[in-house]
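Tertiary structure, described
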Amino acid sequence: MSDAELVLRSTRVITPEGTRAASVAVAAGKITAVLPYDAPVPETARLEDLGDHVLLPGLVDTHVHVNDPGRTEWEGFWTATRAAAAGGITTLVDMPLNSLPPTTTVAHLRTKQQVAADKAHIDVGFWGGALPDNIKDLRPLHEAGVFGFKAFLSPSGVDEFPHLERDPLARTMAEIAAFDGLLIVHAEDPHLLASAPQRPGPRYADFLASRPRDAEDTAIAQLIREAKALNARVHVLHLSSSDALPMIAEARAEGVRVTVETCPHYLTLTAEEVPDGASEFKCCPPIREAANQDLLWQALADGTIDCVVTDHSPSTADLKTDDFATAWGGISGLQLSLAAVWTEARRRGHGLEDVVRWMSARTAGLVGLDDRKGAIAAGRDADFAVLAPDETFTVDPACLQHRNHVTAYAGRTLYGVVKSTWLRGQRIVADGEFTEPKGRLLTRTN
């Protein structure tokens, strides 16, 4: 520890080997050692004694819609990254749509990077977008450092990001497989969505019927078939239908390279509790029934679902009308994701080590950042969240750092208070006080 500049000491440090009392040495923004709790601290190092608060690796959220530039009134890099930091997230990967321009060319990626550069309170990377007409742009985007490519199999909700039908999907997947890239997919079948009953109005039951599980299941089956034929890497975004789990498990057993995520809202909210007209609960695919939720938790426990990400997809409050058919579909969750998942996880008998695996280690691995992020281990970035896991708070939308204070979690009492968040050995937020932005822009190659 002789070269340490900082030592963080806690009786509960979550490491890849388990939770233990430890002293974590940091120098030049990296973890240099994880040592016994009572290891002597060099005179040159600053000691931060965290007592019994849990020291865990900063979370890595690989599914965030920042919307900046172009729809910055919905969200922006300044507000999104502050909200993330307040919730213990130290790295996010931004989705390629809902901003203008979408991240579908290298020039558009450069625009995004320029906008984010001086506003990021945490580290930020970028997904590229796969459209019917931009196959020629995929390899250049890969070489420019995007972490993979987002595609929709059904309409995305914004005109500038059209979905892929069957043949364009196959061509796109073949191109990405040629350089062993990663295709991440919003999997709902557009034909089944179009044939589902469409009843506008405030009833959540009508909205749920308009996004049936069959639409997800059919699209995922198509995705698996194409991935198997091409030996392609694919990732299923925001899984909500538990009916798809057996086919995913079977595909993996056959060697198909498919990974899966779900989201806090599918794990903590249920269709039965959504009030009519409360479109802050609207997302696509939708929040489903409690029995479905139980099966998602089982799949997390057995590894069929790899990870948990927010799919933070905010909008201005006026777009959240009481008509579920026309309201914007998206849930804001960056600041609350850790607490929401931890609250339900502990109720179901899971530990913080499980939450760290789902929301930090595996998400870092998904995007190839597991040599730098996702664990408290020597050589990794000194990114931490300090958590009081047994303290509670009641969600007050006005206290959130999100640009628009609309949340499906309003009024809920959650366990897990983030006391401070650290990025490369620097405390970036503590007790609601933020430093100036210290985040870096990440690429697949840097």
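Residues numbered from 1 in each chain as written. Predicted model: local features only at pLDDT ≥ 70, side-chain atom pairs only at ≥ 80, totals over all residues. Heavy atoms only, no water.

Regarding the overall build of the protein
Under the convention used in this document: Only DSSP runs of H or I with at least four residues qualify as helices, and only runs of E with at least two residues qualify as strands; both kinds are numbered from the N terminus onward. Note that the radius of gyration is over C-alpha atoms, with the globule rule given as 2.2 Å times the number of residues to the power 0.38. Contact criterion: two residues are considered in contact whenever any of their non-hydrogen atoms come within 4.5 Å of each other. Computed with the Shrake-Rupley method and a 1.4 Å probe, the accessible areas treat only the protein chains shown as cover for residues. In summary, the charge assignment counts Lys and Arg as positive and Asp and Glu as negative, without counting His or the chain termini. Taken as the charge location is NZ of Lys, CZ of Arg, CG of Asp or CD of Glu.
Each helix and strand counted, the protein has 12 helices and 18 strands in total. Computed over the C-alpha atoms, the radius of gyration of the protein is 21 Å, within 12% of the 22 Å expected from 2.2 N^0.38 for a compact globule of 446 residues. Long-range contacts, defined as pairs at least 24 residues apart, comprise 74% of the intrachain contacts of the protein with a sequence gap of at least 6. Summed over all atoms, the accessible surface of the protein reaches about 15,800 Å², with 50% contributed by carbon and sulfur. The centroid of the 43 positive side-chain charges in the protein is displaced by 3 Å from the centroid of its 60 negative side-chain charges.

Thoughts on the sheet that holds strand β7 (residues 89–94)
Rule in force here: Whether two strands pair depends on DSSP finding at least two bridges between them. Under this scheme, a helix contributes an axis fitted over its contacting stretch, all axes are lines through C-alpha atoms, and angles between N-to-C directions fall in the 0 to 180 degree range.
Reading across from one edge, β6-β7-β8 is the order of the three strands in this open sheet, with parallel pairing throughout. Whereas interior strands pair on both sides, the edge strands pair on one side only; in this sheet they are β6 (59–64) and β8 (123–126). Ignoring which end each strand starts from, the neighbouring axes of this sheet average 20 degrees apart.

Side note on the nonpolar core
Put simply, the test is: Take the buried Ala, Val, Leu, Ile, Met, Phe, Trp, Tyr and Cys residues and link them wherever side-chain atoms come within 4.5 Å; each set so joined is a nonpolar core. For the exposure calls, accessible area comes from a 1.4 Å probe over protein chains only, and a residue counts as buried if that area is under 20% of its type's maximum, exposed if over 50%, partly exposed in between.
Residues F149, L183 and L239 are the most contacted members of the largest nonpolar core, which totals 99 residues. With six residues, the single largest contributor to this core is helix α11 (residues 337–347). With residues near it in sequence (within four places) discarded, L239 still touches E216, I220, A244, L245, I248, V260, E261, T262, Y266, L296 and I305. Core analysis: the next-biggest nonpolar cluster, separate from the first, contains 20 residues, L97, F152, V367 and L369 among them.

Focus: the packing of helix α2 (residues 106–116) against helix α3 (residues 135–144)
Defined as follows: Residue polarity follows a fixed list, in which Ala, Val, Leu, Ile, Met, Phe, Trp, Tyr, Cys and Pro are nonpolar, Asp, Glu, Lys and Arg are charged, and the others, Gly among them, are polar.
Close contact between α2 and α3 brings their axes to 9 Å; oriented N to C, the two are set at 35 degrees. Contacts from V106, L109 and R110 of α2 reach α3 at P140, L141 and A144. In terms of residue class, the contact of α2 with α3 is built from five nonpolar, no polar and one charged.

Description of the pattern of salt bridges
Put simply, the rule is: Only one rule defines a salt bridge in this text: a Lys or Arg side-chain nitrogen within 4 Å of an Asp or Glu carboxyl oxygen.
Enumeration according to the criterion identifies 28 salt bridges in this entry. Across the pair D94 and K112 runs a salt bridge whose closest N-O atoms are separated by 2.5 Å. Here D94 is found in strand β7, whereas its partner K112 is found in helix α2, with 18 residues between them in sequence. Among the residues examined, D94 registers a relative accessible area of 0% and is labelled buried.

Brief notes about the packing of aromatic side chains
Cut-off, in case you're wondering: Ring pairs shown here join Phe, Tyr and Trp side chains whose ring centres sit within 6.5 Å, with only the six-membered ring taken for Trp; geometry is labelled stacked below 30 degrees between planes, edge-to-face above 60, and tilted in between. Any Lys NZ or Arg CZ found within 6 Å of a ring centre and within 35 degrees of that ring's normal is scored as a charge over the ring.
Evaluated as defined, the whole model comprises eight aromatic pairs. Between F77 and F126 the ring centres are 6.2 Å apart and the planes differ by 65 degrees, which places this aromatic pair in the edge-to-face class. Taken together, the residues F77 in helix α1 (residues 77–86) and F126 in strand β8 connect sequence positions 49 residues apart. On the accessibility criterion, F77 (0% relative accessible area) is buried. Of the aromatic side chains, those joined through ring pairs into one cluster are Y204, F207 and F324. One residue, R9, lies across the ring of Y37, its end atom 5.5 Å from the ring centre. Positioned above the aromatic ring of F434, the side-chain terminus of R82 is 4.0 Å from the ring centre.

With respect to helix α4 (residues 166–178)
Put simply, the rule reads: Expected span of a helix: the number of residues minus one, times 1.5 Å. Note: the arc covers the axis-to-C-beta directions of the helix.
The terminal C-alpha atoms of α4 lie 19 Å apart, and with 13 residues this matches the ideal 18 Å at 1.5 Å per residue to within 8%. Buried residues of α4: P168, L169, T172, M173 and I176, and no others. Buried residues of α4 fall within an arc of 130 degrees about the axis and therefore sit on the same side. Counted as exposed and oriented over 90 degrees from the buried face of α4: D167 and A178. The first or second residue beyond α4 is D180, which carries a positive phi of 55 degrees.

Notes on the pairing of β6
Stated formally: For crossovers, right-handed means that the path from the first strand over the helix to the second runs clockwise, given strands pointing away from the viewer.
Among the six residues of β6, six are classified as buried, and the element is accordingly described as predominantly covered. Examined bridge by bridge, β6 and β7 share four bridges and lie parallel to one another. In the sheet register, V60 faces β7, and the bridge partner there is T91. Where the polypeptide runs from β6 across α1 and back to β7, its parallel neighbour, the crossover connection is right-handed.

Section: the packing of α11 against helix α12 (residues 352–366)
Here is the rule: Oblique is the label for every angle not falling under 35 degrees (roughly parallel), over 145 degrees (roughly antiparallel), or within 65 to 115 degrees (roughly perpendicular). If you view the pair so one helix is near and one far, a crossing is left-handed when the near helix is turned anticlockwise from the far one by less than a right angle, and right-handed when it is turned clockwise.
The interhelical angle for the contact between α11 and α12, taken along N-to-C directions, is 135 degrees, at an axis separation of 10 Å. What the angle tells us is that α11 and α12 run oblique. Of the two possible hands of crossing, α11 and α12 adopt the one that is right-handed. Mapping the contact onto sequence places S337, L338, V341, W342 and A345 in α11 and L352, V355, W358 and M359 in α12. Looking at side-chain class alone, the contact of α11 with α12 contains eight nonpolar, one polar and no charged residues.

Here we look at α1
Among the 10 residues of α1, eight are classified as buried, and the element is accordingly described as predominantly covered. When we look at burial in α1, the residues that qualify are F77, T79, A80, T81, R82, A83, A84 and A85. If you follow the buried residues of α1, they end up packed against β7, α2, β8, β16 (413–423), β17 (426–430) and β18 (433–434). Immediately beyond the C-terminal end of α1, within one or two residues, lies G88, with a positive phi of roughly 85 degrees.

So, the environment of E175
Within the fold, E175 resides in helix α4. On a C-alpha basis, the gap between E175 and K136 in space is 8.9 Å, while along the polypeptide they are 39 residues apart.

Considerations on unusual backbone geometry
Omega for the peptide link from D68 to P69 comes to 5 degrees, which places this bond in the cis form. Looking at where P69 falls in the secondary structure, it is placed in the loop between β6 and α1. Between C284 and P285 the backbone carries a cis peptide bond, its omega angle lying at 0 degrees. Note on placement: P285 falls in the loop between α9 (264–268) and α10 (290–302). One non-glycine residue, H238, lies in the positive phi region at around 30 degrees. Looking at where H238 falls in the secondary structure, it is placed in the loop between β12 (233–236) and α8 (245–253). A positive phi angle, close to 50 degrees, is found at D431, a residue other than glycine. Positionally, D431 belongs in the loop between β17 and β18.

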